[in-house]
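Now for the letters of each chain:
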Amino acid sequence: ELNGSTCQTARVSLTNLAPTAIRVPEAESVLQGSQIDESVIEQAAQAVMTACDPAEDLRGDIEYKTHMGGEMSRRAIREAAQLAGGQ
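This one's a predicted model, so the numbers in the text were calculated from it and none came from an experiment. (Residues numbered from 1 in each chain as written. Predicted model: local features only at pLDDT ≥ 70, side-chain atom pairs only at ≥ 80, totals over all residues. Heavy atoms only, no water.)

Undergrad: Looking at this model, I keep getting lost on the nonpolar core. Mind explaining?
TA: When a protein is soluble and globular, its nonpolar side chains tend to lie buried together. If you look at the biggest cluster of nonpolar residues, it comprises 19 residues, and the most contacted ones within it are Ala-27, Leu-31 and Ile-36. Residue assignment for this core shows that the elements contributing at least two residues are helix H1 (25-31), helix H2 (38-51) and helix H3 (62-83). Residue contributions to this core peak at five residues, all from H2. (Core = buried A, V, L, I, M, F, W, Y, C linked by side-chain atoms within 4.5 Å. Buried < 20%, exposed > 50% of the residue type's maximum accessible area, 1.4 Å probe, protein only. Helix = DSSP H or I, 4+ residues; strand = E, 2+ residues; numbered from the N terminus.)

This is the structure:
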């Protein structure tokens, strides 16, 4: 939820990047109260990657899945901000 260009509330959840679905309150804290720009998006993505604990399997190793978790989070935050009327 945005108020102007400032994020009022944010929820960040991950699936398939840990043994169970998880929320990432560290990424939420980065977003809430901030204007959503590339610096804030990157900080939130770093928090997401820190929270990742994927299993290695035939679909990818841990490093790849963690990297993709960060990249997909960046994309999702940008899209959410745009849909909420921001950038």
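Undergrad: Mind showing me how you'd approach the state of the cysteines here?
TA: Note on terminology: disulfide describes a covalent bond linking the sulfur atoms of two cysteines. As enumerated under the stated definition, the model contains zero disulfides in all. This cysteine, Cys-7, is not joined by any disulfide, and Cys-52 carries the nearest cysteine sulfur, 20 Å off. A relative accessible area of 6% means that Cys-7 is categorised as buried. (Disulfide = S-S within 2.5 Å.)

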